[in-house]
Amino acid sequence: MTPKVARYLRDSMPATPCLVLDVDRVEENYRRLAAALPQARIYYAVKANPAAPVLQRLVTLDSSFDAASFEEVAACLDAGAHPEAISYGNTIKKESAIRAAFARGVRMFAFDSEAELRKLARSAPGARVYCRILVGNDGAEWPLSRKFGCELEMAKELMVLAGELGLDPFGLSFHVGSQQTKTVAYEAAIAKVAMLFTDLRDAGVNVRMVNLGGGYPVRYRQEVPEIDDFGAAIMGAMTKHFGNALPEIVIEPGRFIVGDAGVVSAEVVLVSRKAKDDPVRWVYLDIGRFGGLAETEGEAIKYAFRTPHDGGAEGPVTIAGPTCDSTDTLYEKSNYRLPLALDSGDRVELLATGAYVTTYASQRFNGFAPLAEHYV
Ligand SMILES: *Cc1c(COP(=O)(O)O)cnc(C)c1O
């Protein structure tokens, strides 16, 4: 938790549950990543946290933006981003949304199928397009399976077709999954994308950009490699496969930029046991899966907790949200322990929750309002 967030929580005591996010930390993270990968252009993955103060700060840093919908495109423009600095990176777009983004000046779009490419040719004529390829997600705590990307052979045909359809076959992309803790995931993906890149060049396609996606991790309960380790591994692999004819390099960090800038402040609603001698206490918070903690699905992302009793004796807990849906249980199998003194009414903090929380909150499930947000 940054000193500014701690001060705000202490002095303002905002009602819970809420996210408090330090926008200066967003800037520090952007600068640290830019220093680790100076050859790369940063397209912030807006979906991680689309709040205006975050986007506005990034605009002042000359960041570019990766938008997943027309609504996110509009949010970037409203924050002052130039349309040329926006990539419409979702491979699944309504044609009306493509038309709307194109009309606002967006000229870079992702695709991974022929049908999507034909939509782009019709509704974003002449635009720069890049094809997303399937790569392994091993090492990612929030992997993406096969939903996005296509096989190399198909990507090759589609990039040739893009040129024939009057689009600019600008580049290739991949995404190694979110909260990627292994630098080798990028190295393997770069090796794969480089093969296709060379093939396309040989086939006369004017491909000139490689988009390495996001995935750069944040520290939750476990240590993760430093961002400089990712930078070194990525540039090592790029140089190994492209020599000194490096293509334009794009990265799309989301979690890394905003994750550790924010803290969720919550209240303990109830501490109870299922039997008198049961060693496991159930700790119910006023935020859960439907309040924004969607990434606790499958106990994938394991947030760290702060309580007013830290340092005292601890015991095993199951941690759950306040709604009457049983999937609203956050951690049952991940060996969480919390202080025995923890009680109803205590305030607790969930650390490094600046990414993928506010936008995942349901509207009014069980009547609970979406998470409040404070940007400081
Ligand atoms: C979600 C996403 C990102 C951002 O991922 P992080 O793990 O938050 O860095 C980047 N690129 C694409 C294509 C994505 O879907």
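Residues numbered from 1 in each chain as written. Predicted model: local features only at pLDDT ≥ 70, side-chain atom pairs only at ≥ 80, totals over all residues. Heavy atoms only, no water.

In the annotation of an unreviewed UniProt entry, the protein is listed under the name Type III PLP-dependent enzyme and assigned to Siccirubricoccus deserti. Heading Cofactor (unreviewed entry) of the UniProt record for the protein holds this comment: "pyridoxal 5'-phosphate". UniProt lists a comment for the protein under the heading Sequence similarities (unreviewed entry), and it reads "Belongs to the Orn/Lys/Arg decarboxylase class-II family." (UniProt positions renumbered as here; feature names shortened; annotations may be inferred.)

Engineer: How do you make sense of the environment of L342 when you look at a structure like this?
Structural biologist: Note on placement: L342 falls in the loop between β17 (337–339) and β18 (347–350). Taking the relative accessible area as the measure of exposure, L342 reaches 4% and is therefore buried. Measuring from C-alpha to C-alpha, the distance between L342 and T307 comes to 7.7 Å, with 35 residues separating the pair along the chain. Excluding its chain neighbours within four sequence positions, the residues that come into contact with L342 are V268, V271, V283, T307, H309 and V348. (Helix = DSSP H or I, 4+ residues; strand = E, 2+ residues; numbered from the N terminus. Buried < 20%, exposed > 50% of the residue type's maximum accessible area, 1.4 Å probe, protein only. Contact = heavy atoms within 4.5 Å.)

Engineer: What exactly am I supposed to notice about the domain arrangement of the protein here?
Structural biologist: Accessible area lost on assembly of the parts is the figure often given for the size of an interface. Domain parsing of the protein yields domain 1 (50–253) and domain 2 (260–375). Between domain 1 and domain 2, the C-alpha centre-to-centre distance is 34 Å. With twelve residues of domain 1 at the interface, the matching set in domain 2 holds 19 residues. Note on domain 1 versus domain 2: buried area summed over both sides is about 1,200 Å², and carbon and sulfur give 66% of it. Together, W142, Y220 and R221 form the three largest contributors to the area buried by domain 1 at its contact with domain 2, with a combined 61%. At the boundary of domain 1 with domain 2, the tally comes to zero salt bridges. Our enumeration of links across domain 1 and domain 2 arrives at two residue pairs in polar contact (both at pLDDT 80 or more). (Domains from an automatic or database assignment. Buried area = accessible area lost by both parts, 1.4 Å probe. Salt bridge = Lys/Arg side-chain N within 4 Å of Asp/Glu carboxyl O. Polar contact = N/O pair within 3.5 Å; in protein donor to acceptor, adjacent residues only side chain to side chain.)

Engineer: For this particular structure, what's the right way to read the side chain of T358?
Structural biologist: Here T358 lies in the loop between β18 and β19 (372–375). The class of T358 is buried, set by a relative accessible area of 12%. If sequence neighbours within four positions are ignored, T358 has contacts with L19, N49, L371, E373 and Y375.

Engineer: Is there a simple way to think about the site of the ligand in this case?
Structural biologist: Near the ligand lie 13 residues; those nearest to it are K47, S178, E252, R255 and Y356. Between an oxygen atom of the ligand and a side-chain N or O atom of K47, the distance comes to 2.8 Å. Take S178: an N or O atom from its side chain is 2.4 Å from an oxygen atom of the ligand. About the coverage of the ligand: the protein hides 92% of its 390 Å² of free accessible area. The class makeup of the residues in the shell around the ligand is three nonpolar, five polar and five charged. (Near = heavy atom within 4 Å. Areas by Shrake-Rupley, 256 points an atom, 1.4 Å probe, with all protein chains shown as cover. Nonpolar A, V, L, I, M, F, W, Y, C, P; charged D, E, K, R; others polar.)

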